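Report on the structure
Residue-level listing of the chains:
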Amino acid sequence: MNTTTSFPSVFTDNAIDQASVSKTEKFLVFSVGKLNLALSVPIVEKILNYTAIHSSGTTATGIVHLENRSVTVIDLYQRLFNVKQANISHAKQFFILAKNSQNESFGIVINETPTLFDVSLSQIRVLPASYRQNDTLNIASHVMIIPYKEDSLTVFLLDCDRLVSPV
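Residues numbered from 1 in each chain as written. Predicted model: local features only at pLDDT ≥ 70, side-chain atom pairs only at ≥ 80, totals over all residues. Heavy atoms only, no water.

1. Observations concerning the overall build of the chain
Across its full length, the chain carries 3 helices and 13 strands. Taking all 167 residues of the chain together, 44% fall into the buried category. With an accessible surface of roughly 9,000 Å², the chain has 48% of that area assigned to carbon and sulfur atoms. (Helix = DSSP H or I, 4+ residues; strand = E, 2+ residues; numbered from the N terminus. Buried < 20%, exposed > 50% of the residue type's maximum accessible area, 1.4 Å probe, protein only. Areas by Shrake-Rupley, 256 points an atom, 1.4 Å probe, with all protein chains shown as cover.)

2. Here we look at the sheet that holds strand E5 (residues 44-49)
Here 5 strands make up an open sheet; going across it, the order is E5-E8-E9-E7-E6 and the pairing mixed. In this open sheet, the two edge strands, each paired with only one partner strand, are E5 and strand E6 (61-66). With strand direction ignored, the average angle separating the axes of adjacent strands in the sheet is 30 degrees. Of the strand pairs in this sheet, strand E8 (residues 94-99) and strand E9 (residues 105-110) are connected by 6 bridges, and their pairing is antiparallel. In the strand pairing of E9, Phe95 is matched with Val109. (Pairing = 2+ DSSP bridges. Axes fitted to C-alpha atoms, helices over the stretch in contact; angles between N-to-C directions.)

3. As for the packing of aromatic side chains
Aromatic rings in a pair are described by how distant their centres are and how their planes are angled relative to each other. Taken as a whole and judged by the stated rule, the model has 4 aromatic pairs. Look at Tyr50 and Phe95: their rings are 5.3 Å apart centre to centre, the planes differ by 20 degrees, and that puts the pair in the stacked class. Highlighted residues: Tyr50 in the loop between E5 and E6 and Phe95 in strand E8, separated in sequence by 45 residues. Judged by centre distance (5.9 Å) and plane angle (70 degrees), the ring pair of Phe117 and Tyr148 falls under edge-to-face. Note that Phe117 is positioned in strand E10 (residues 115-120) and Tyr148 in strand E12 (residues 140-148), a separation of 31 residues in sequence. With relative accessibility at 13%, the residue Phe117 sits in the buried group. (Phe/Tyr/Trp six-rings, centres within 6.5 Å; stacked < 30°, edge-to-face > 60°.)

4. Overview of the pairing of E8
By the criterion of burial, E8 is predominantly enclosed, with 5 of the 6 residues buried. Relative to E8, E5 is paired through 5 bridges, and the arrangement is antiparallel. Across the sheet, the residue bridging to Lys46 is Leu97, located in E8. Turn length for the E8-E9 hairpin, with the two strands adjacent in sequence and antiparallel, is 5 residues, and the turn residue Asn103 shows positive phi of about 65 degrees.

5. With respect to unusual backbone geometry
A positive phi angle, near 60 degrees, is found at Asn82, a position not held by glycine. Tracing the chain through its elements places Asn82 in the loop between helix H1 (76-81) and E8. According to the relative accessible area criterion, Asn82 is exposed, its value standing at 64%. Residues other than glycine seldom take positive phi values, yet Asn103 does so here, at roughly 65 degrees.

6. Describing the sheet that holds E10
With mixed pairing, 6 strands are arranged side by side in an open sheet as E10-E3-E4-E13-E12-E11. Every interior strand has two partners, whereas the edge strands, E10 and strand E11 (124-126), have only one. Averaged over all adjacent pairs, the angle separating strand axes in this sheet is 40 degrees, with direction ignored. Sheet analysis places E11 next to E12, joined by 3 bridges and oriented antiparallel. By the bridge assignment, Arg125 is partnered in E12 with Val143.

7. Here we look at the nonpolar core
One recurring pattern in soluble globular proteins: nonpolar side chains tend to sit buried together. The biggest cluster of nonpolar side chains holds 27 residues, and the ones touching the most others in it are Phe30, Leu37, Leu39, Leu76, Ile108, Leu158 and Leu163. Those elements giving two or more residues to this core turn out to be strand E3 (24-32), strand E4 (35-40), H1, E8, E9, E12, strand E13 (151-158) and helix H3 (160-163). If sequence neighbours within four positions are ignored, Leu37 has contacts with Leu28, Val29, Phe30, Val32, Leu76, Leu80, Leu137, Val155, Phe156 and Leu158. Ala38, Phe117, Met144 and Leu153 belong to the second largest nonpolar core, which has 12 residues in total. (Core = buried A, V, L, I, M, F, W, Y, C linked by side-chain atoms within 4.5 Å. Contact = heavy atoms within 4.5 Å.)

What follows is the structure, encoded as structure tokens:
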């Protein structure tokens, strides 16, 4: 993984620094369809209520006007599954506002409030390059298994530079 994607700092050259295995990192976990996705907390600016997205409607990318700026927004459901979501009430939607490695802000549309998890770095694995090249989840760089209730969650960690390419 390119360490400029800003999570976790102990990942270098697709490996975990063994001295850091006992460390933990905080992640915001959210669902898109049946997938569990996550962003590292240090790159998240804030979570906002949904506001109108302006776009051609032909791609999963649009813009929103927030405060004194316009921000690129990605509808991950449309990007991953190549279809628009069924009628979802905008009153229940949110944006996660985050930054890529060049500090460019972008938003991700989510349908539920995300959950904060503190995850041991030993639970995080690099996704094989062959998987990334052959799946729509090429926007994920790592996967983690999080114990949850009486089961576990498989969560794909998003690579922000693959979502919004640095210019």
